[in-house]
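What the coordinates show
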Amino acid sequence: NKLDLNEIRTAFLDFYEERKHTRLKSFSLVPKDDASLFLINAGMAPLKAYFLGEKKMENNRAVSSQRCVRTQDIESVGKTDRHATYFEMLGDFSFGDYFKNEAIHWAFEFLTKVIGLEKDRLWITVYKDDEEAFRIWTEEMGIAPDHMFKLGKEDNFWELDQGPCGPCSEIHYDRGEKYGEGTSPLDNSDRFMEIWNLVFTQFDKKSDGTYEPLANPNIDTGMGLERIAVVVEDVANIFEVSTFRPLRDKIETLSGKKYGQSA
C-alpha cells in the first residue's frame, strides 16, 4: 500500500520523533533575525543559530517539514520532473549530538523499511575525501561499490555564501528506463532522481571565504517531500502526485488549458 504525500510527511516526522527528535513546526517563509536571506530556502535555514551554537534547544535533535521558496530554481520549473519554486523539505538535524553513522543508518532504514524503496535501485554520492561516509554506505548499509560515486566540491560539499557547511552524501533513486536513458545519476537526473541530501556540517564559512572547524559537528539533512512522493507513486513528475491533482484540475478550469496537451 503506497503512501501519499501527506502520509509520507507524517511517517517521516513520526520516525524521527521515535528516535528522540523534537518535532518542529514549519517556520515562517520570512527569515527572523537573518539578513543574509530574503526567503527561507532550506530546512536548515531557520536553524542556523542552533548549528552555530548561538542558541540551544532543550533537546539537541530535531525534525521538521519546512516550507521553502527557491527563486533560483524558477528557470527549471516545468523543464525537469523535480523542480518547484515552492516546496516542502523533510529534514532531521543534530546539533552536536549524533553524526554520520546515525544519519546514514536512519536515512537508509526510513527509505527501505518505512517507505519500501528497493535497496538495489539506490545510488549514492559522497565527497571525494570522505572515506568514512563511503565505508558506512558500502560496508554497513551494503550498497554495491558500483552504485557509489566520489565527487568533488561542486557536487558534494554543501555551502551558502557564509555559515555552517560541510561535505555531503546524496541519495539518488533509479526510477527506471521509462523516465530516461543513462546508466547512473551522472547521466540522467530525472531518471536517477536525487531524493535526499545528508550534510555533515563540520565548518563555519566566514565572509572572507575561510573555513573554521565547528567545535561540535552537526547533521543537516534535506529530502524534497514532493520528490519522494513522485518516486513512491511512480508518476512522471511532481505535478502528477495525487495530492497535487486537485490543484492541477483547478488550474485547468481557471486557465481553460488542459495539462499535458502540449510540451
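Residues numbered from 1 in each chain as written. Predicted model: local features only at pLDDT ≥ 70, side-chain atom pairs only at ≥ 80, totals over all residues. Heavy atoms only, no water.

Inspection of the sheet shows strand β4 (residues 122–127) paired to strand β5 (residues 148–151) by four bridges, in the parallel sense. Directly across from Tyr-127, in β5, lies its bridge partner Leu-151. (Pairing = 2+ DSSP bridges. Helix = DSSP H or I, 4+ residues; strand = E, 2+ residues; numbered from the N terminus.)

A positive phi angle, near 55 degrees, is found at Asp-33, a position not held by glycine. Among the structural elements, Asp-33 can be located in the loop between β1 (22–23) and α2 (48–51). Taking the relative accessible area as the measure of exposure, Asp-33 reaches 75% and is therefore exposed. (Buried < 20%, exposed > 50% of the residue type's maximum accessible area, 1.4 Å probe, protein only.)

Let us now look at the packing of helix α3 (residues 100–114) against helix α4 (residues 131–140). Each pair of packed helices can be described by the angle between their axes along with the distance between the axes. As a packed pair, α3 and α4 sit with axes 10 Å apart at the nearest point and diverge in direction by 40 degrees. Taken together, α3 and α4 sit at an angle that is classed as oblique. For the crossing formed where α3 meets α4, the hand is right-handed. Between α3 and α4, the residues in contact are Lys-100, Asn-101, Ile-104, His-105 and Phe-108 and Glu-132, Ala-133, Ile-136, Trp-137 and Glu-140, respectively. Considering only residue class, the contact of α3 with α4 consists of five nonpolar, two polar and three charged. (Axes fitted to C-alpha atoms, helices over the stretch in contact; angles between N-to-C directions. Parallel < 35°, antiparallel > 145°, perpendicular 65-115°, else oblique. Left-handed = near helix turned anticlockwise from the far one by under 90°. Contact = heavy atoms within 4.5 Å. Nonpolar A, V, L, I, M, F, W, Y, C, P; charged D, E, K, R; others polar.)

Below, the discussion takes up the nonpolar core. Counting residues in hydrophobic clusters, the biggest one holds 48 residues, and the most contacted among them are Leu-111, Trp-137, Ile-171, Trp-196 and Ile-228. Looking at this core, the elements with two or more residues in it are α1 (5–18), α3, β4, α4, β7 (163–174), β8 (192–205), β9 (211–224) and α6 (225–233). Excluding residues within four positions of it along the chain, Leu-111 makes contact with Gly-116, Leu-117, Leu-122, Ile-171, Ile-195, Trp-196, Met-223 and Ile-228. Counting residues in each nonpolar core, the second largest holds 15 residues, with Leu-47, Phe-51, Met-89 and Phe-95 among its members. (Core = buried A, V, L, I, M, F, W, Y, C linked by side-chain atoms within 4.5 Å.)

Under the defined criterion, the tally for this structure stands at 22 salt bridges. Among the ionic pairs, Arg-135 bridges to Glu-140, the shortest N-O distance being 3.0 Å. Classification of Glu-140 as partly exposed rests on a relative accessible area of 35%. The closest approach of N and O atoms between Asp-234 and Lys-178, which form a salt bridge, is 3.0 Å. Pair noted here: Asp-234 is in the loop between α6 and α7 (245–255) and Lys-178 is in the loop between β7 and β8, with a separation of 56 residues, a long-range link. Owing to a relative accessible area of 60%, Lys-178 belongs among the exposed residues under this scheme. When salt bridges that share partners are traced, they join Asp-14, Glu-17 and Arg-23 into one network. (Salt bridge = Lys/Arg side-chain N within 4 Å of Asp/Glu carboxyl O.)

Now for α6. A large share of α6 lies buried, amounting to nine of its nine residues. Taken as a whole, α6 has its buried residues at Leu-225, Glu-226, Arg-227, Ile-228, Ala-229, Val-230, Val-231, Val-232 and Glu-233. Once α6 ends, the next one or two residues include Asp-234, with phi positive near 55 degrees.

Right, let's get into α1. An ideal rise of 1.5 Å per residue puts 20 Å on 14 residues; α1 measures up with 20 Å between its terminal C-alpha atoms. Leu-5, Ile-8, Arg-9, Ala-11, Phe-12, Leu-13, Phe-15 and Tyr-16 are the residues of α1 that are buried. The distance from a side-chain oxygen at the start of α1 to the backbone nitrogen of Asn-6 is 3.1 Å, and the residue carrying that oxygen is Asp-4. (Expected span 1.5 Å × (residues − 1). Polar contact = N/O pair within 3.5 Å; in protein donor to acceptor, adjacent residues only side chain to side chain.)

Moving on: the packing of aromatic side chains. The tally for this structure, following the rule as stated, stands at 19 aromatic pairs. Here Phe-12 and Tyr-16 contribute two aromatic rings whose centre-to-centre distance is 4.9 Å and whose plane-to-plane angle is 50 degrees, an arrangement assigned as tilted. Linking Phe-12 with Tyr-16, this pair stays in helix α1, spanning four residues, or about one helical turn. Where Phe-110 meets Trp-196, the ring centres are 6.2 Å apart and the plane angle is 85 degrees; that geometry is what we call edge-to-face. In this pair, Phe-110 sits in helix α3 while Trp-196 sits in strand β8, placing the two residues 86 residues apart along the sequence. When its relative accessible area of 0% is taken as the criterion, Phe-110 is described as buried. (Phe/Tyr/Trp six-rings, centres within 6.5 Å; stacked < 30°, edge-to-face > 60°.)

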